[in-house]
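If you want the building blocks of each chain, they are given just below.
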Amino acid sequence: MKILTIARHSFKELIRKKDFAVLFILFIALIGFFYTESFFGTSDASRYLKDIGFSLITLFSIVIALTFSAKQIPAELAERTVYPLLAKPVSRTEFVLGKYVGSVLMSVGSFTVFFALYAGVIATKGEGTSLVMLAQSYLFGALLLTLLSAVSIFFSLFLTLSANVTLTFLIYFLIRWVNTTIQEVILTSKGAVSALYSFIYYLLPHFEFYDIKIRLVHHWDPLPAWVVCSVVGYTVVYVTLILWGAVRSFKRKSL
Amino acid sequence: MKKIIPVLLCCFLILYLAASIDGFFAADALRAESAALEGDTLYKILGGFRDYLSWMSLVNADSVFHGGIRQENCPDAFHFSVEAIRPASGHREDEHDHSRHAEDLGPNILPKIAHAIAVTEHKHLTGAEEREILPWLYYTVKLNPHNELAYVLGGYWVGVRLKKPSEAVKFLLEGVSNNPNSWRIHQAIGEVYYMAEGDFEKALRYLERAKELSERENIDKFDKRVLYVPLAEAYARIGKPERSLELYEELLTDFPNNQIVQERIGHFRRMIGAR
């Protein structure tokens, strides 16, 4: 209950700021521009719109998730508002979890608005899209933001806002880039090398799991239920571990 | 967030200034090459970065043709263009298997999930779906009007595959105005007139111009074949088999064992002999 109260407070505070509105207007302007384009006398092509639109909503939602999560705890510490809060019967665990839930609500909420507009736009142009695939894309997008918010909350206990945002962005893109290579090394090597790379592979968050844009844009089959359940399970486990680490670090932190 | 917006604005300003400085020094050269670029805001804003984006857009066209999959690990990557440029060397969907099979992954659960999520099958767009590559070809030349390959590919896919020859010619003529010395684009216009329009006189006009321009460059024998075959066939269509024979005989010096070239020479010799 206390967690939800802190989350609601964070969510309201974030709503008051205009960041989301700026990105939303930018998104409408960009998607409107691409929607009205016609190529060689035909306006039936639609996969470019799905591709660009999905990349934009993912990027904007990640920006919102990272910047909001990264400043939650440092802002409370800098403005010293954390002291009256912790003086009340609110534990440090509840404080961290509340901030995390607030960040997730905000980033997933923003993503939902972006996604609703995106789904409406792509449904009216060209070949349409599968509802199952659309639902899976939404779920995976929300899971990605849940994981990224946790990573960002964790780093915010050690890093400044800008360092945190930069590092999390770097980790996100780097992991997307190297994970397939690491996977290949594990599968082609043996002994200590394979064990070392396996350790790294299992330790790093698998952001590539959440990218199903190709399936959505190019009309591939939806993912089987076991894969969806595995990714949900993986996210729950990974987020729990990160938050456990964050809570432990915050408990040890001298305020 | 408040800090990010000024940073983005600064980046945008720097890009714009860089493009303006670049444009100042290159202005004469650009004017000489193309008047069309002067009014292109995108071209001005992005400066040198446009070449990279243009290339990425072309790579995207290839990946769209393959159902969204990048062909980085494929030995003949970027082959959606092959069919347009060198038809004889195209490939089929079943020729490549880019996937690692699930049973190769052993007991590792995470690689199994990654494998199940990734799309690894090899497919090509067919029929009306082929129009999906057009936006990327369009953006390729918008970003870099000197990308001859994108004009040639756009002309082929729009004119020959999607049966819109007038749109293809319009696009290719824009390519000619930006690249007046490109033999490839002239050849592409000739090919559209020949294959899609059946207008052999117009085809010959552009193919002859392409031949003339190609003689200023050191083109390889494969490019020569791409140019000479439609030229020879167009001459045959307007009742000039002697010229067709000359062109095929010239090709025979480069491809002495090519059966098709030999057959066409035999065909034209018989045709001339029968007169």
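Residues numbered from 1 in each chain as written. Chains lettered and ligands numbered in written order. Predicted model: local features only at pLDDT ≥ 70, side-chain atom pairs only at ≥ 80, totals over all residues. Heavy atoms only, no water.

K.L.:
Would you mind going over the overall build of chain B with me for this structure?
P.N.:
Assigned secondary structure in chain B consists of 13 helices and zero strands. When burial is assessed residue by residue, chain B has 46% of its 275 residues classed as buried. Across chain B, the fraction of contacts at a sequence separation of at least 24, relative to all contacts at a separation of at least 6, is 58%. Of the roughly 14100 Å² of accessible surface on chain B, 56% is carried by carbon and sulfur atoms. (Helix = DSSP H or I, 4+ residues; strand = E, 2+ residues; numbered from the N terminus. Buried < 20%, exposed > 50% of the residue type's maximum accessible area, 1.4 Å probe, protein only. Contact = heavy atoms within 4.5 Å. Areas by Shrake-Rupley, 256 points an atom, 1.4 Å probe, with all protein chains shown as cover.)

K.L.:
Is there a simple way to think about the overall build of chain A in this case?
P.N.:
A tally of regular secondary structure across chain A gives 10 helices and zero strands. For 255 residues, the compact-globule estimate of 2.2 N^0.38 gives 18 Å, and the C-alpha radius of gyration of chain A, at 20 Å, lies within 12% of that figure. Along the longest, intermediate and shortest principal axes, the C-alpha atoms of chain A span 65 × 55 × 30 Å. A total of 255 residues make up chain A; the buried ones form 49% of that total. Counting only carbon and sulfur atoms, one obtains 71% of the accessible surface of chain A, whose full area is about 11500 Å². On chain A, the mean spot of the 22 positive side-chain charges and the mean spot of the 13 negative ones are 13 Å from each other. (Rg over C-alpha atoms; globule rule 2.2 N^0.38 Å. Lys, Arg positive; Asp, Glu negative; His and termini not counted. Charge placed at Lys NZ, Arg CZ, Asp CG, Glu CD.)

K.L.:
Mind showing me how you'd approach the interface of chain A and chain B here?
P.N.:
In many analyses, interface size is given as the accessible surface area lost on bringing the parts together. The interface is formed by 42 residues belonging to chain A together with 36 residues belonging to chain B. For the chain A and chain B pair, buried surface summed over both sides reaches about 3600 Å², with 69% attributable to carbon and sulfur atoms. Looking only at chain A, the three residues that lose the most surface to chain B are A:Phe40, A:Arg47 and A:Trp220, adding up to 23% of its buried area. At the junction of chain A with chain B, the criterion picks out one salt bridge. A salt bridge links A:Arg47 to B:Glu129, with the shortest nitrogen-to-oxygen separation between them at 2.8 Å. Across the contact surface, chain A and chain B share nine residue pairs in polar contact (both at pLDDT 80 or more). Within the residue set of the side of chain A that touches chain B, elements represented by two or more residues are α2 (19-35), α3 (47-78), α7 (161-188), α8 (191-203), α9 (213-217) and α10 (225-252) of chain A. (Buried area = accessible area lost by both parts, 1.4 Å probe. Salt bridge = Lys/Arg side-chain N within 4 Å of Asp/Glu carboxyl O. Polar contact = N/O pair within 3.5 Å; in protein donor to acceptor, adjacent residues only side chain to side chain.)

K.L.:
When you look at the packing of helix α6 (residues 131-155) of chain A against α7(A) in this model, what are you seeing that I'm missing?
P.N.:
Packed helix pairs are specified by the crossing angle of their axes together with the interaxial distance, meaning the distance between the axes. Residue and element names in this part refer to chain A. Taken N-terminus to C-terminus, the directions of α6 and α7 make an angle of 135°; their axes are 10 Å apart at the nearest point. On the basis of the axis angle, α6 is oblique to α7. Between α6 and α7 lies a crossing whose hand is right-handed. Residues Leu144, Leu148, Val151, Ser152 and Phe155 of α6 form the contact with α7, whose own contacting residues are Asn164, Leu167, Thr168, Ile171 and Tyr172. For the contact of α6 with α7, the class distribution of residues is seven nonpolar, three polar and no charged. (Axes fitted to C-alpha atoms, helices over the stretch in contact; angles between N-to-C directions. Parallel < 35°, antiparallel > 145°, perpendicular 65-115°, else oblique. Left-handed = near helix turned anticlockwise from the far one by under 90°. Nonpolar A, V, L, I, M, F, W, Y, C, P; charged D, E, K, R; others polar.)

K.L.:
Would you take a moment to explain the pattern of salt bridges for this structure?
P.N.:
Note on pairing: side chains with opposite charge can pair once their charged atoms come close. All names here are of chain A. Under the counting rule described, the total for this entry stands at 16 salt bridges over all chains. One salt bridge connects Lys213 with Asp51, and the closest N-O pair in it is separated by 2.9 Å. Placement of Lys213 in helix α9 and of Asp51 in helix α3 is noted, with a sequence separation of 162 residues between them.

K.L.:
I'm lost on the packing of helix α10 (residues 200-214) of chain B against helix α11 (residues 221-237) of chain B in this one. Help?
P.N.:
All names here are of chain B. Between α10 and α11, whose axes approach to 9 Å, the crossing angle comes to 145°. Handedness of the crossing formed by α10 with α11: left-handed. Taken together, the residues of α11 that come into contact with α10 (itself represented by Phe200, Leu204, Leu207, Glu208, Ala210, Lys211 and Ser214) are Leu227, Tyr228, Pro230, Leu231, Ala234, Tyr235 and Arg237. In the contact of α10 with α11, the residues fall into 10 nonpolar, one polar and three charged.

K.L.:
How should a nonpolar patch on the surface be read in this particular structure?
P.N.:
A grouping of A:Tyr202, A:Trp226 and B:Ile109 is seen on the molecular surface, where their side chains present a nonpolar patch of about 300 Å² in accessible area. Among the secondary structure elements, A:Tyr202 is positioned in helix α8. Using a relative accessible area of 34% as the deciding quantity, one classes A:Tyr202 as partly exposed. (Patch = residues over 30% accessible without salt bridge, like charges linked within 9 Å, V, L, I, M, F, W, Y side chains within 5 Å.)

K.L.:
What's the story with the environment of A:Ile25 in this structure? I'm lost.
P.N.:
All names here are of chain A. Structurally, Ile25 can be placed in helix α2. Exposure remark for Ile25: the relative accessible area of 59% places this residue in the exposed category. Measuring from C-alpha to C-alpha, the distance between Ile25 and Glu184 comes to 42 Å, with 159 residues separating the pair along the chain.

K.L.:
Help me understand the side chain of A:Lys50, please; the structure alone is not making it clear to me.
P.N.:
Residues and elements named next belong to chain A. If you trace the backbone, Lys50 turns up in helix α3. Residue classification places Lys50 among the buried residues on the basis of a relative accessible area of 0%. There is a polar contact of 2.9 Å between the side chain of Lys50 and the side chain of His219. Among all residues touching Lys50, those that are not within four sequence positions of it are Tyr118, Ile122, Glu127, Gly128, Thr129, Leu216, Val217 and His219.

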